[in-house]
Structures are given as C-alpha cells and as structure tokens.
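# Summary of structural features
So you can see what is in the structure, the chains are spelled out below.
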Amino acid sequence: MAYFFSEPSRTFSEYLLVPGYSSAECIPANVSLKTPVVKYRRGEEPALTMNVPMVSAVMQAVSGEQMGIALAKEGGIAFIYVSQPIEQQAEMVRKVKNYKAGFVISDSNLRLGDTLADVLALKERTGHSTMAVTDDGTGTGRLLGLVTSRDYRVSRMDPSTPVSQFMTPAEKIVSAPEGTSLKAANDIIWDHKLNALPIVSDDGHLVSFVFRKDYDSHKGNPLELLDSQKRYVVGAGINSRDYEDRVPALVEAGADVLVIDSSEGYSEWQKRTLAWIRSRYGDTVKVGAGNVVDGEGFRFLADCGADFVKVGIGGGSICITRETKGIGRGQATAVIDVAAERDKYFEETGVYVPICADGGIVQDYHITLALAMGADFCMLGRYFSRFDESPTSKVLIGGSYMKEYWGEGSARARNWQRYDLGGAAKLSFEEGVDSYVPYAGKLSDGMATTLAKVRSTMCNCGALTIPELREKAKLTLVSSVSIVEGGAHDVLLKDTTAGGNQRS
Ligand code: XMP
C-alpha cells in the first residue's frame with residue numbers, strides 16, 4: 001500500500017523564529033558563518049569549509065566564471081553550470097582558478113568588423129566603457145585595439161562606423177606583460193595616467209585588465225575562500241551521463257568540489273556516477289549528490305559515498321516539476337526531515353554528511369530558517385541571477401532593469417541530462433520556465449545586506465555559530481492571518497515607487 005506522510009509538507013514562509021536569550025557577546029560582529037561543505041569523521045576537520053553558507057546554483061543563468069570569482073571573494077562557492085560542452089566548462093573553472101585579485105578578465109569585447117552601434121549596445125548591456133578589440137571577440141583573443149568613451153563622439157559619428165576607424169590600435173596602447181605584479185601594474189597606471197592597463201601575453205593575446213578605479217577596493221576580503229595555493233575555491237556541476245569525460249577535465253582544470261546536477265537523485269544513475277568517481281579518485285575528488293527530499297533518499301546517497309547531499313525538488317522559483325509531474329515536497333519539511341536523518345546517520349556511523357537546501361529561498365530570512373532547520377548551507381539560483389556577476393543580459397522592461405533567469409529544465413537551457421532517467425536522450429516536456437528577475441546591482445553589496453540580516457537574526461536567537469543556531473532555534477508555524485500581521489499593514493505607504501517598500 002502507498003505510504004502516506006502524516007503531516008502536510010511546508011515551505012519556509014510558514015515558519016518564524018522565536019527569539020532566545022542574547023548575551024552581551026552575542027552581537028553580529030562576533031557571528032561566524034563558517035560551515036562544512038564535505039563529509040568528515042567525528043573528531044576530524046572537514047577537508048572543505050565555507051566562510052558563508054551560500055553556494056550558487058548549477059545553472060546557465062547563474063554560475064559562470066564571474067560568479068565563481070565574485071562569490072569566492074565573499075566566502076562562498078559557485079558551481080559552474082554543467083549544461084555546456086566539457087571544454088567550455090573546464091575553461092570557466094580555469095579562469096576562476098587563474099584569477100588574481102585586481103586582474104580582471106575582459107567581458108566587454110569587440111571584433112574589428114563591429115560598429116559604433118555595437119559599441120553602444122555593449123556598453124548598455126555591460127555598463128563598461130573600456131572594451132577590448134580582439135581577433136576573435138573574446139577576452140583572451142589577440143589584442144588589436146581598445147575602445148573607450150574617449151574614442152568616439154556619438155553626436156558626430158555614423159552608428160555604422162567600423163570600430164577599426166576609431167579604436168586606439170594595439171601599437172599605441174600602453175600594456176604590461178603577463179606576470180606583472182599588481183603593484184607594478186598600478187605604478188604603470190599612475191605613470192601614464194591610464195584608466196585601464198591591459199596585461200598581454202608574449203604572443204599578443206589579452207590576459208586581463210587592471211583598472212585604476214579598482215585599486216583601492218583590492219585590499220582583500222577577510223572572508224574570501226582560498227585553496228592551499230591562495231587561488232579562489234570553485235565548484236562545478238557534473239551529470240550522470242558523460243562523467244567519465246567531464247570529471248577528469250574539471251579535476252584537471254582545478255575544480256575544488258563537484259556536484260551531480262539532477263532534479264531527482266535517489267537513483268541508480270547517481271550510485272554509478274559516485275562509484276566511478278570513488279574507484280578512479282578515491283576520496284581525493286569531492287562530490288555532492290542529489291536532489292532528495294526525505295531521509296531515505298539521503299541515506300541512499302550517503303551510503304553511495306556522496307560528500308554532501310542536496311535537498312529540494314520543485315521548490316525553485318523557476319521550477320514547474322511539481323506542476324508537471326506531481327513530485328516534490330515543501331522545502332522546509334524536506335530540509336527538516338533530511339537533517340534529522342543526517343544526524344541519525346552521524347550517530348550511527350560517525351560520519352557527518354552536510355546537507356544543502358537547494359531552491360525556494362525567497363526572503364533573506366529563509367536562509368536563516370534553513371540553517372536553523374538543519375541545513376549546512378543553501379544553494380540559490382534566483383537570488384544570484386539578479387546581480388551584475390550572473391552571465392545573463394540586463395534588460396530594460398517597463399522602466400526597470402531586469403536580468404534574465406531561466407530554469408535548467410526549460411526549453412531554453414536544453415539540459416535534458418538533468419532530468420534523465422536513462423531513457424531517450426532528449427527533453428520530452430519542460431520542467432522549468434524562462435523569466436525575468438529585478439536587477440540587484442553588485443553581488444558584494446547584496447550579500448552584505450543579506451548576511452547582515454542572517455547574523456542579526458542569529459543574535460536574536462542567542463547563536464554565534466550555525467551549530468549553535470540549530471541547537472537553540474525555536475521555530476513556530478504561522479497562520480495566514482499572522483503572515484498579514486508580519487508585513488506593514490493598516491497604514492498608507494508613502495513610497496510606492498519600484499523597490500520603495502520591497503523587502504527581500
Ligand atoms: P531558486 O528558487 O533559488 O532555485 O531559483 C534554484 C534551484 O532550482 C532548481 N532548478 C530547477 N528545478 N526545473 C526545476 O524543477 C528547472 O528548470 C530548474 N532549474 C533549476 C535547481 O535545483 C536550482 O539550484
């Protein structure tokens with residue numbers, strides 16, 4: 001007979017935290033958000049921890065190399081998306097690993113045949129006024145020239161004027177060779193009164209830029225996540241189809257942690273993928289698995305050797321899995337259930353397998369709730385897609401800036417492997433949508449606000465660490481009327497312009 005769970009499954013918005021006693025030491029500045037990413041034995045230290053409990057989703061619209069760099073700078077990990085050719089994904093990983101603070105890989109690039117109209121469109125899209133002209137139009141092509149706003153006058157020039165007619169050609173550009181230190185690069189910038197200094201390889205290829213305006217901001221971030229060689233830590237998605245080729249390429253590129261990206265992870269396919277990785281690399285390659293929504297699924301993946309387990313089916317903002325297939329579970333209930341099994345597993349085996357709450361984080365306080373319910377860290381898609389550092393275009397819609405955000409199960413992403421159950425190698429129906437999200441500026445600013453809220457709530461609960469929060473948290477269910485009471489009510493709001501009274 002079918003099994004019935006006795007309680008309805010619930011979402012984060014159905015819960016609140018009830019404050020506990022806060023001591024005088026319990027202030028946001030003393031809160032540590034350090035958290036384990038991979039499994040460890042009782043009494044041992046995990047091989048990989050994060051300084052903030054946030055990772056970015058394995059999605060085309062979220063996690064490219066810019067996200068990898070920006071998130072590691074803030075203490076978290078980006079999982080570079082898997083739904084792309086292996087070499088392209090490995091290249092993104094390499095770019096994060098090779099990144100040096102202060103040296104920026106150019107993402108506003110032109111070809112010789114491009115026109116002034118293309119320059120203006122690129123500027124509108126990226127907001128950057130320094131553009132590289134390279135032979136292949138990429139940030140690592142052979143450098144042919146530079147275009148800055150000093151090179152053209154829109155009012156006096158035809159939009160069809162080719163870039164070649166007004167760019168500053170390579171032979172007139174002050175550049176520096178690969179290997180130049182940040183200090184030396186800044187000296188050149190000051191000596192030549194430059195705004196940007198291109199770093200160029202021996203064979204004339206653009207490597208990166210050093211910008212004058214960035215100098216002061218590169219004092220280092222106290223939370224940044226670095227490996228033993230002081231390179232940024234980065235993750236990457238894999239699937240259970242081409243892992244025999246993809247995993248070696250990502251490992252060789254320097255990925256610190258992998259995750260099997262699948263909408264439903266309680267399967268033979270994940271078991272085989274994990275077994276292959278363990279047989280080839282032992283425990284040296286760290287790999288998470290998922291997604292599951294109950295204790296049974298967790299135990300299966302933990303027994304298969306997963307380094308962490310991802311929790312969540314159908315709760316993502318762009319997900320329609322529950323609607324289309326009728327599978328899933330309220331995200332709060334799923335996290336609570338899996339966390340209980342994780343603790344039981346730890347008791348029994350002495351192995352602690354971290355869990356990641358994936359999807360459905362809408363309000364910042366949902367992160368704190370997920371941690372209180374037992375998640376070790378959260379994976380977010382919509383949240384990160386809104387920032388400058390996501391790989392998608394910024395577009396103006398109805399007077400407001402938006403970023404594009406689409407699901408991996410949408411026809412646009414064509415990521416059929418994520419939904420693969422070993423059958424035909426194509427998507428026969430969609431499990432995700434294509435959408436817009438409100439543009440939210442720089443990731444560092446957004447995360448600073450979000451984490452300030454998390455730290456503050458933790459102090460309200462009397463907790464200075466994530467394990468302490470879990471221990472001390474008092475959670476209460478809310479009724480629909482008390483949700484109304486929780487927002488501004490029975491007053492006439494003054495500022496009704498976009499964002500004026502929005503909370504996130
Ligand atoms: P949020 O709510 O942060 O969720 O936007 C991101 C998570 O959603 C999952 N994901 C999908 N689920 N159809 C789905 O059912 C999709 O097209 C899809 N794309 C992403 C994924 O787990 C991600 O981390």
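Residues numbered from 1 in each chain as written. Predicted model: local features only at pLDDT ≥ 70, side-chain atom pairs only at ≥ 80, totals over all residues. Heavy atoms only, no water.

## Here we look at the domain arrangement of the protein chain
Interface size is commonly expressed as the accessible surface area that is lost when the partners come together. Applied cut-off: Boundaries of every domain are those given by an automatic assignment or by a domain database.
For the protein chain, the assigned domains are domain 1 (12-100 + 221-414 + 443-498) and domain 2 (109-214). The gap between the C-alpha centroids of domain 1 and domain 2 is 36 Å.

## A short note on the nonpolar core
The line we're drawing: Buried residues of nine kinds, namely Ala, Val, Leu, Ile, Met, Phe, Trp, Tyr and Cys, make up a nonpolar core once their side-chain atoms join them within 4.5 Å. To sort residues, take the accessible area from a 1.4 Å probe on protein chains only and compare it with the maximum for the residue type: under 20% means buried, over 50% means exposed, and anything in between is partly exposed. By definition, residues are in contact when any of their heavy atoms lie within 4.5 Å.
Membership of the largest hydrophobic core comes to 110 residues, with the highest contact counts inside it found for Met-54, Ile-77, Phe-79, Leu-258, Phe-384 and Met-447. Filtering out sequence-adjacent residues up to four positions away, Ile-77 remains in contact with Val-37, Leu-48, Met-50, Met-54, Val-55, Ser-56, Leu-71, Leu-225, Val-233, Val-234, Gly-235 and Val-257. If you look at the next biggest cluster of nonpolar residues, it comprises 12 residues, including Leu-116, Leu-122, Tyr-152 and Met-167.

## As for the packing of aromatic side chains
Rule in force here: Side-chain rings of Phe, Tyr and Trp (the six-membered ring for Trp) are treated as a pair once their centres are within 6.5 Å; stacked means planes under 30 degrees apart, edge-to-face means over 60, and tilted covers the remaining angles. Only lysine NZ and arginine CZ atoms are considered, and such an atom sits over a ring when it is within 6 Å of the ring centre and within 35 degrees of the ring normal.
This model, assessed by the stated rule, comprises 15 aromatic pairs. Their ring planes at 90° and their centres at 5.1 Å tell us that Tyr-3 and Phe-5 sit as a pair that is edge-to-face. Tyr-3 gets classed as exposed once you look at its relative accessible area, which sits at 66%. Since its relative accessible area comes to 42%, Phe-5 is described here as partly exposed. It is Arg-386 that lies over the ring of Tyr-383; its NZ or CZ is 4.8 Å from the centre.

## Quick word on the site of the ligand
The condition is simple: If even one non-hydrogen atom of a residue comes within 4 Å of a molecule or strand, that residue is called near it. Side-chain atoms alone can form a polar contact between residues adjacent in sequence; in general such a contact is a pair of N or O atoms within 3.5 Å, and within protein one must be able to donate a hydrogen while the other accepts it. All accessible areas in this document rest on Shrake-Rupley with a 1.4 Å probe, and a residue is counted as covered only by the protein chains that are shown. Only Asp, Glu, Lys and Arg are considered charged, only Ala, Val, Leu, Ile, Met, Phe, Trp, Tyr, Cys and Pro nonpolar, and every remaining residue, Gly among them, polar.
Taken together, 24 residues sit near the ligand, with Cys-319, Thr-321, Asp-358, Gly-409 and Glu-431 positioned nearest. Side-chain polar atom of Asp-358 to an oxygen atom of the ligand: 2.5 Å apart, as the coordinates give it. Contact distances for the ligand include 3.0 Å between an oxygen atom and a backbone N or O atom of Arg-382. When the ligand is considered free in solution it has 520 Å² of accessible area, and contact with the protein chains removes 97% of it. Here the residues of the shell around the ligand sort into eight nonpolar, 11 polar and five charged.

## Here we look at the environment of Glu-404
The cut-off we apply is this: Starting at the N terminus, helices and strands are each numbered in turn, a helix being any DSSP run of H or I of at least four residues and a strand any DSSP run of E of at least two.
As for its placement among the helices and strands, Glu-404 is situated in strand β22 (residues 400-406). A relative accessible area of 16% places Glu-404 in the buried class. Glu-404 sits 359 residues away from Glu-45 along the chain, and the two C-alpha atoms are 40 Å apart. Apart from the residues within four sequence positions on either side, Glu-404 is in contact with Ala-61, Thr-392, Ser-393, Arg-412, Ser-435 and Tyr-436.

## Here we look at the sheet that holds strand β20 (residues 377-380)
To keep it simple, the criterion reads: Any two strands with at least two DSSP-identified bridges between them are counted as paired. To obtain each axis, a line is fitted to C-alpha atoms, and for helices this fit is confined to the stretch in contact; angles are then taken between N-to-C directions over 0 to 180 degrees.
Taken together, eight strands build a closed barrel; the order of strands is β5-β6-β14-β15-β16-β17-β19-β20 and the barrel is parallel. In this sheet, adjacent strand axes meet at a mean angle of 30° when their direction is disregarded. Across three bridges, strand β5 (residues 54-56) lies against β20 in parallel orientation. Note on β20: the bridge partner recorded for Met-54 is Cys-378.

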